Number of protein chains: 2
Amino acid sequence: MDIKFTDGGVTAPKGFTANGIHCGIRKSKDKKDLALIFCEKECDTAAVYTQNLVCGAPITVTKNNISDGKARAVVCNSGIANTCNADGIEKAEGMCEITANALGISKSDIIVASTGVIGQPLDLEPVKNGIGELVSGLNKNGSDSAANAIMTTDTVKKEFACEFTLGGKPCHIGAISKGSGMIHPNMATMLAFITTDANISSEMLKTSLLEVVADSFNMLSVDGDTSTNDTVAILASGLCENERITEKNDDYRTFTLALSSICEKLVKLMAKDGEGATKLVECVVTGASDVKTAKTCAKAVICSSLVKAAMFGSDANWGRILCALGYSGVDIDVHRVDVKFSSDGGEIEVCKDGSGIDFSEELAKKVLSCDEVYILVDLKSGASCATAYGCDLTYDYVKINGDYRT
Amino acid sequence: MDIKFTDGGVTAPKGFTANGIHCGIRKSKDKKDLALIFCEKECDTAAVYTQNLVCGAPITVTKNNISDGKARAVVCNSGIANTCNADGIEKAEGMCEITANALGISKSDIIVASTGVIGQPLDLEPVKNGIGELVSGLNKNGSDSAANAIMTTDTVKKEFACEFTLGGKPCHIGAISKGSGMIHPNMATMLAFITTDANISSEMLKTSLLEVVADSFNMLSVDGDTSTNDTVAILASGLCENERITEKNDDYRTFTLALSSICEKLVKLMAKDGEGATKLVECVVTGASDVKTAKTCAKAVICSSLVKAAMFGSDANWGRILCALGYSGVDIDVHRVDVKFSSDGGEIEVCKDGSGIDFSEELAKKVLSCDEVYILVDLKSGASCATAYGCDLTYDYVKINGDYRT
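All figures in this text were calculated on a predicted structure; none of them were measured in a lab.

Parameters at a glance
- Residues numbered from 1 in each chain as written.
- Chains lettered and ligands numbered in written order.
- Predicted model: local features only at pLDDT ≥ 70, side-chain atom pairs only at ≥ 80, totals over all residues.
- Heavy atoms only, no water.
- Helix = DSSP H or I, 4+ residues; strand = E, 2+ residues; numbered from the N terminus.
- Rg over C-alpha atoms; globule rule 2.2 N^0.38 Å.
- Contact = heavy atoms within 4.5 Å.
- Areas by Shrake-Rupley, 256 points an atom, 1.4 Å probe, with all protein chains shown as cover.
- Lys, Arg positive; Asp, Glu negative; His and termini not counted.
- Charge placed at Lys NZ, Arg CZ, Asp CG, Glu CD.
- Polar contact = N/O pair within 3.5 Å; in protein donor to acceptor, adjacent residues only side chain to side chain.
- Least-squares fit on C-alpha atoms with pLDDT ≥ 70 in both.
- Buried < 20%, exposed > 50% of the residue type's maximum accessible area, 1.4 Å probe, protein only.
- Pairing = 2+ DSSP bridges.
- Buried area = accessible area lost by both parts, 1.4 Å probe.
- Salt bridge = Lys/Arg side-chain N within 4 Å of Asp/Glu carboxyl O.
- Nonpolar A, V, L, I, M, F, W, Y, C, P; charged D, E, K, R; others polar.

Student: Could you clarify how one ought to interpret the overall build of chain A in this entry?
Tutor: Of regular secondary structure, chain A possesses 11 helices and 15 strands. Rg of the C-alpha trace for chain A: 22 Å, near the compact-globule value of 22 Å for 406 residues, within the 12% margin. Along the three orthogonal principal directions, the C-alpha set of chain A runs to about 70 × 50 × 35 Å. For chain A, the proportion of contacts with a sequence separation of at least 24, taken over those separated by at least 6, is 80%. If you sum the accessible surface of chain A, you get close to 14,100 Å²; carbon and sulfur atoms cover 47% of it. Taking the 40 positively charged and 54 negatively charged side chains of chain A as two groups, their mean positions are separated by 2 Å.

Student: Please clarify how the side chain of A:Lys158 should be interpreted in this entry.
Tutor: Residue and element names in this part refer to chain A. Within the fold, Lys158 resides in strand β6 (residues 158-166). At 2.7 Å, the side chain of Lys158 and the side chain of Asp154 are in polar contact. Reaching out from Lys158, the side chain makes a polar contact with the side chain of Asp273 at a distance of 2.5 Å. Excluding its chain neighbours within four sequence positions, the residues that come into contact with Lys158 are Ala147, Ala175, Ile176, Ser177, Lys178, Gly179, Leu266, Leu269, Met270 and Asp273.

Student: Please explain the relation of the copies chain B and chain A as it appears in this structure.
Tutor: Put simply, the two copies of the chain differ by a rotation about an axis and a shift along that axis. Superposition of chain B onto chain A requires a rotation of 180 degrees combined with a translation of 0.0 Å along the rotation axis, giving an RMSD of 0.0 Å. Taken together, these values place the two copies in the relation of a two-fold axis. For chain B, the minimum C-alpha distance to the rotation axis belongs to B:Tyr395 and amounts to 2.5 Å. The overlap is high: 100% of the interface residues of chain B also sit at the interface in chain A, so the same surface is used on both sides.

Student: Explain the pairing of strand β7 (residues 169-178) of chain B here, please?
Tutor: Both faces of the sheet carry side chains from a regular strand, because those side chains alternate between them. All names here are of chain B. Along β7, 8 of the 10 residues are buried, which leaves the element largely enclosed by surrounding structure. Of the pairings in the sheet, the one linking strand β6 (residues 158-166) to β7 comprises 9 bridges and is antiparallel in character. The partner of Ala161 across the bridge, within β7, is Gly174. Taking the residues that link successive antiparallel strands as the turn, the β6-β7 hairpin has 2 residues, and the phi of Gly167 there is positive, at about 55 degrees. Where β7 meets strand β8 (residues 191-196), 6 bridges bridge the pair, whose relative direction is antiparallel. Within the sheet, the bridge partner assigned to Ala175 lies in β8 and is Ile194.

Student: Would you explain the side chain of A:Thr196 in this entry?
Tutor: All names here are of chain A. Checked against the element boundaries, Thr196 lands in strand β8 (residues 191-196). Of note is the side chain of Thr196, whose polar atom sits 3.0 Å from the backbone nitrogen of Ala198. Sequence-distant contacts of Thr196, that is, excluding residues within four places in its chain, are made with Pro13, Phe16, Cys171, His172, Ile173, Leu235, Ala236, Ser237, Gly238 and Phe255.

Student: I keep staring at the interface of chain B and chain A and nothing clicks. Help me out?
Tutor: Put simply, an interface is often sized by how much accessible area is lost when its parts join up. Facing the 53 residues of chain B at the interface are 53 residues of chain A. Between chain B and chain A, roughly 4,100 Å² of surface is buried when both sides are summed, and carbon and sulfur atoms account for 58% of that area. If you look at where chain B meets chain A, you find 0 salt bridges. Connecting chain B to chain A are 14 residue pairs in polar contact (both at pLDDT 80 or more). Only α8 (305-312), α9 (319-327), β13 (355-356) and α11 (395-402) of chain B provide two or more residues apiece to the side of chain B that touches chain A. Classifying every residue of the side of chain B that touches chain A gives 24 nonpolar, 19 polar and 10 charged.

Don't take any of this as a statement about function, it's just geometry.
Here is the structure:
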């Protein structure tokens, strides 16, 4: 199949407009803080959320709103997480009501999300004051401003779109997301909003989303902390007029592949833009006895503070990779493990059969100094593989998180 | 019972001498790299080790040597971990043989340990050349030099001793240990060598050690990385002439309490001297439904990169504590949780029933700016409690680990 990446983000699919403004939840006027995505017709929808027991109030409200598999809009603020507040639910429902009234739709068709500091109250006044501007400014080029409005410590906007065909009909998927700390998703991640004009039932949308999330967002870690507000939501307008997908047929597989390619793009960019990160680090585990083993090993390496710090220093300290594999909790034969580093700077083998081998420190430094580094682990015990996505641990991560609230 | 802390470290108990020298495993002559602890008579012994599948060669050799519950000496080098080397076992046995010959004892009475870089070969020549000086210098004040010789990135020596009575007889426990990165013990931790002149069987020594380790070393985390070489070993000379402990009687409980007090001292000092750390952070969880829940919660908070970075910045970002409790995997009612911070600077409540409350940022800053900070979490769901020990995440942790090998 042919997937073509395009511009346009969440407004690339037919039927969707978007906008993002500064309404005043954040003090700094330079930073947008309220985003809206809207569809001209009712959409099939599905979402996955954080598994954290401490769960943001917007998630509770969203779950309820889309329990019928239908939605028409996403409203999201940054700056305040609206989590661990006694009046959180009330505020999240208030945000839906304000938005629904301005759009002239039912408040149960709204997906609501918040990201920012936990435990500080959300003031609805700025939302009330800004909603008119937000709604009147909805447009086909609005994905950019919406993507900007949901950013917190992110340094780059995360926005992708692609085009493919379903039964001869041109079909689109668009997405925006935000990182960039408290990133260690469990069944879902942070905020990602995806739109499509594919015609697909909410049940199959959910199935497809779960399938894709397992290999993309759930294989991402910036700092091992699973957020309280993770949400990935997808809305399907059906306006590309393909035959409606209601079972796992060829069109379902095509759609899922396209969704997967978009999510992989988001995840790599979120990893690379992890708080303070200077490089994207991918751990590719091959030769595992099963996928679960491969995934656990890949994530253990990506999550190790010591591996991350070594990557920051471009130091080929592969012993820390073996160490992480060893404590990951899976049953592997450590005496079979081979480790290589790879990047645009070249490839270098550093460990064979679980033991160190002579290698050029100079070449290793060159390989590890690139801004996208691959850690290749071969367990030589089977045919399963997995990839985990992360970043290095830097001074700036500490700086950003030593004083996040002020 | 009365426990009096004394000087003398591992040489405080009757029968033990120690020494530490620079033999040349490390390049810098300013840093000692080989330690020896020796007992004039055969000791009962017990040890616990890392659960990492990638396990240092010295551990394999030590397990075999003390399978009879007897030992007379500990030899340990720093600089090289002797792990993930094809000839590791051979080298560890070589180290035992060199030491045994110099001491005139059986090589199966030696506990051998190594700490340092993983995957680099251990050269035995410096050990051969230095062993004469090391053995001839054994003395009753040698604990200090032994404690120095096992240090890696540690900035302070870890050495404690105490005196108590068993059946009227004065009895002693002494210990040395090292941190300070790759610290997240699982059933054991890093290197800690403990001596005692109590008369106690190796079986009861093991029982007591396991009991104590569960609440001390296993509740410590610097960076979430479980080392490949963790070893806690204890040797009992029996020279204090108490009635031999062979069952869980009052003397066993007295001994275990004394051992526990020494291990708690070591663990707090290891946490406070964690790589790059500026402060000791303890999380005390109370009101849990069971001890396992309390321990899991306390460790989740202590291990969170975001909590650790906030502690570095003396930032009362308590939402991250709730977040860590929520993803810890235990079943708690997050709407009951109270959180306070406490230190020599005072005490301040920041979260009540899972929601934020107004508090003085000024007082919070004062409380969190001290060098020993307590995070007090009350789950209000039972009577069980637990404490976990850790430190803050700092620029220096990243600096130390960005280029550890050079």
